[in-house]
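# Structural features, examined
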Amino acid sequence: MDSETLNEQWARICAQVKSYQDIDPSQVSAFFSRLVPQAMSDSFLMLTADNDFIKTWVEQHYTEVIVRALRDLTGVVFAVAIAVDPTQEQRKIAAAGQPSPAAPLSAPAQPMPTPTPAQPAASTIESLPSQPIAAAAPPSPAYGAPLSQATPFEPSGMVAHSLAEDVVVDHYAPPAPAPLSQEPVAERASNPSSSLTFENFVIGESNRMAYSMAVEVAESPGRLPLNPLFIYGKSGLGKTHLMRAIQNYIEETRPSMRTVYVDAQDFVSKYSEAGAIKDQEKVSFRNFRAYYEQADILLLDDVQHLQGKKESMNMLFQLFNTLTSQGKQVVLSADRAPKNIQFDERLKSRFYSGGTIDIQPPEVETKLGIVKSFTDEFSRSEGLGNFTLSDDIQMYIAENSGSNIRELKGAVNTVIYRMIYCDRSDISIDEVRELLANHFTGGMSRSLTVEDIQREVENFFKVSHSDMVGPKRSQSIVRPRQIAIYLCRQLLDLPYGDIGKKFNRDHSTAIHSATSIEERLKTDRDTQEEIEVLQKIICELD
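Computed from a predicted model, the values in this text were never measured in an experiment. (Residues numbered from 1 in each chain as written. Predicted model: local features only at pLDDT ≥ 70, side-chain atom pairs only at ≥ 80, totals over all residues. Heavy atoms only, no water.)

For the rest of this paragraph, the subject is helix α11 (residues 283-293). Three or more residues of α11 are buried, namely S284, F288, Y291 and Y292. Angular distribution of buried residues about the axis of α11 spans 90°; they occupy a single face of the element. (Buried < 20%, exposed > 50% of the residue type's maximum accessible area, 1.4 Å probe, protein only. Helix = DSSP H or I, 4+ residues; strand = E, 2+ residues; numbered from the N terminus. Arc of directions from axis to C-beta.)

Written out as structure tokens, the structure is:
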């Protein structure tokens, strides 16, 4: 089968998987985009992943659904095998004509032999062939084009699952960590990581890059260029979720490695406690420092809280140097970029020496995915069977909630409990509007008007009302006008045509204005902060 036909068949399989009601399409897109079809016959499909994390995750969570899709499309039970090709991502970049990353995965010095696929997890899959696939018989006509003889599976530099660990991990071999004292071991045992995992993180355009970087760190901790990894974004966008997901994954797959997760405020508090103990031997300081130096992965959350804490920053600087010099992984998060935090230049330069990525506010599609994911999670945990929210209620919550995911989940929680409390299987959209009228910090308010929003935007940008609704098109006027139109669309239950009339514009101009600001919000931090401040000001109006 030629590569074009193989890719077409794989695209059909992906589409079939996404069509299933119990599957999150955004999750499928995120993981399946990291898979490449290599060979296919009448009952066998070989895929490759660009690292061991993707391979393992797909095997554990999606092998059965791929088999299901193949069975639905062809009527045949397929065997599905996945191997790791560490050079796959670099070939994609080269094919696109882009420069390779600073530190690409190393390929083996000698070509690897064709791997024998490992038995997939699905119990319905037949045993995989140990020899190259023979000529394939044509599949069921329901699947489309006939399958020719399978392409021999011999990608250079590829290893099966049993060998992938050697190739990936041997790229960096960190020194053995010092023996851990009983105290840290006991604390770790009594303080398990949270339920925040890569699996229940909803992926969208706003967080896809941060998610990808976090996965790379979890798969290969301590490897450049993502050491350190600095994730930033305003509260409630998923920074802590990604850090905990890294911790959970490493503790599950590499139990011999020690992870330490700590909030910056707790770090400062413990450091202060150590300083308050006036022992002559300074044992408290040594214990404090040893606790973090013995970590293989240090995850420090909300580092903006170290501002003004000179001694704590100095201790972090020392710990940072010690850990990274030994090839140990450091992951940090903050509510803003390092350059906007009052750190000394030593720390800023080190924070920027690895991967720095921000998480943007989620778009409506991502918020819909979060609503669905949280509803399904609640239903499973409470044993509610096929409990769900109607599409219009899900859309209402997604459109009216702000960027803070905790606020969105709180809205879902409130609606679900109302349904349970009233012993009802459904609830009208009007009841939801009334129930959540005072819930959203950035959502719709019945008493709010277009004039209220215009007035606050005019005051914020020092623009007159006549200019706001007049014909002037200078940048100093157009941008505030677009922001005001965007906020009207976000905060009021009004169509574009009605909003446009308030600005002496037609509905197409109103759509263009709102869309322009939405695009700016994806990349422009200044616009994000302006919108956030204005939303808070407007929502405080009575």
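The five strands lie next to each other as β5-β6-β7-β4-β8, forming an open sheet whose pairing is parallel. What marks the edges here is a single partner per strand, and that holds for β5 (259-263) and β8 (355-358). Going across the sheet, the axis of each strand differs from the next one's by a mean of 10°, ignoring polarity. Note: β5 against strand β6 (residues 297-301), five bridges, orientation parallel. In the sheet register, T259 faces β6, and the bridge partner there is I297. (Pairing = 2+ DSSP bridges. Axes fitted to C-alpha atoms, helices over the stretch in contact; angles between N-to-C directions.)

With 17 residues, helix α22 (residues 507-523) extends 26 Å between its outermost C-alpha atoms, agreeing within 8% with the 24 Å of an ideal straight helix rising 1.5 Å per residue. Along its buried surface, α22 packs onto α20 (475-491), α21 (496-502) and α23 (525-539). (Expected span 1.5 Å × (residues − 1). Contact = heavy atoms within 4.5 Å.)

For the structure on display, the rule yields 17 aromatic pairs. Their ring planes at 20° and their centres at 5.5 Å tell us that W10 and F32 sit as a pair that is stacked. In this pair, W10 sits in helix α1 (residues 3-18) while F32 sits in helix α2 (residues 25-32), placing the two residues 22 residues apart along the sequence. The same class applies to W10 and to F32, which are both buried. By way of ring pairs, the aromatic residues W10, F31, F32, Y62, F198, F201, Y211 and Y249 are connected into one cluster. In this structure, R68 is placed above the aromatic ring of Y20, and the distance from its NZ or CZ to the ring centre is 3.6 Å. The aromatic ring of Y496 is capped on one face by R489, whose charged end is 4.2 Å from the ring centroid. (Phe/Tyr/Trp six-rings, centres within 6.5 Å; stacked < 30°, edge-to-face > 60°. Lys NZ or Arg CZ within 6 Å of the ring centre and 35° of its normal.)

Going through the model one piece at a time under the given rule, you end up with 20 salt bridges. Salt-bridge contacts for K372 lead to D376; the nearest nitrogen and oxygen are separated by 3.0 Å. Of this pair, K372 and D376 both sit in helix α14 (residues 364-382), four residues apart, which is roughly one turn of that helix. Accessibility expressed as a relative area gives 25% for D376, which makes it partly exposed. Here the residues in one salt-bridge network are R34, E216 and R223, joined through shared partners. (Salt bridge = Lys/Arg side-chain N within 4 Å of Asp/Glu carboxyl O.)

Listed under "binding site: ATP" (unreviewed entry) in the UniProt record, and renumbered for this structure, are G236, G238, K239 and T240. Note on placement: G236 falls in the loop between β4 (229-232) and α9 (239-253). Taking relative accessible area as the criterion, G236 reaches 7% and is therefore assigned buried. Setting aside residues up to four positions removed in sequence, G236 forms contacts with S403, N404, I405 and R406. When you line up the elements, G238 lands in the loop between β4 and α9. (UniProt positions renumbered as here; feature names shortened; annotations may be inferred.)

So, on to the side chain of S284. With respect to the helices, strands and loops of the structure, S284 is situated in helix α11. The buried category is assigned to S284, whose relative accessible area is 12%. In terms of polar contacts, S284 uses its side chain to reach the backbone carbonyl oxygen of A274, at 2.8 Å. (Polar contact = N/O pair within 3.5 Å; in protein donor to acceptor, adjacent residues only side chain to side chain.)

Moving on, we get to the pairing of strand β1 (residues 35-40). Across the six residues that make up β1, a large majority, five, are buried. Where β1 hands over to strand β2 (residues 44-49), the hairpin turn is made up of three residues, counted between the paired strands.

This part is about the nonpolar core. By size, the foremost hydrophobic cluster in this structure holds 57 residues, and its most contacted members are I13, F32, L45, I66 and F198. Take this core: its biggest share by element is seven residues, from helix α8 (residues 208-219). Among the domains, domain 1 (1-87) and domain 2 (205-356) are the pair contributing at least three residues each to this core. Counting 32 residues, the second largest nonpolar core, distinct from the first, contains V268, M315, L323 and A337. (Core = buried A, V, L, I, M, F, W, Y, C linked by side-chain atoms within 4.5 Å. Domains from an automatic or database assignment.)

Glancing now at the environment of F31. By secondary structure assignment, the location of F31 is in helix α2. Residues F31 and I54, spaced 23 residues apart in sequence, show a C-alpha to C-alpha distance of 6.8 Å. When residues no more than four places from it in sequence are discounted, the contact partners of F31 are F53, I54, W57, V58, Y62 and Y211.

Turning our eyes to something else, we now look at the confidence of the model for the protein. Averaged over every residue, the pLDDT of the protein is 76; the share at 70 or more is 77%. For the stretch residues 96-192, pLDDT sits under 50, and the model shows 165 contacts to residues farther than four places along the chain or on other chains. (pLDDT = per-residue confidence, 0-100.)

Before going further, it helps to examine unusual backbone geometry. Here the amide bond leading from L224 into P225 is cis, since omega sits at 5°, within 30 degrees of zero. Along the chain, N227 connects to P228 via a cis peptide bond; the corresponding omega equals 10°. Tracing the chain through its elements places P228 in the loop between α8 and β4. Positive phi values are uncommon outside glycine, yet D302 reaches one of about 55°. Structurally, D302 can be placed in the loop between β6 and α12 (310-325). In this structure, N504 takes a positive phi of about 60° despite not being glycine.

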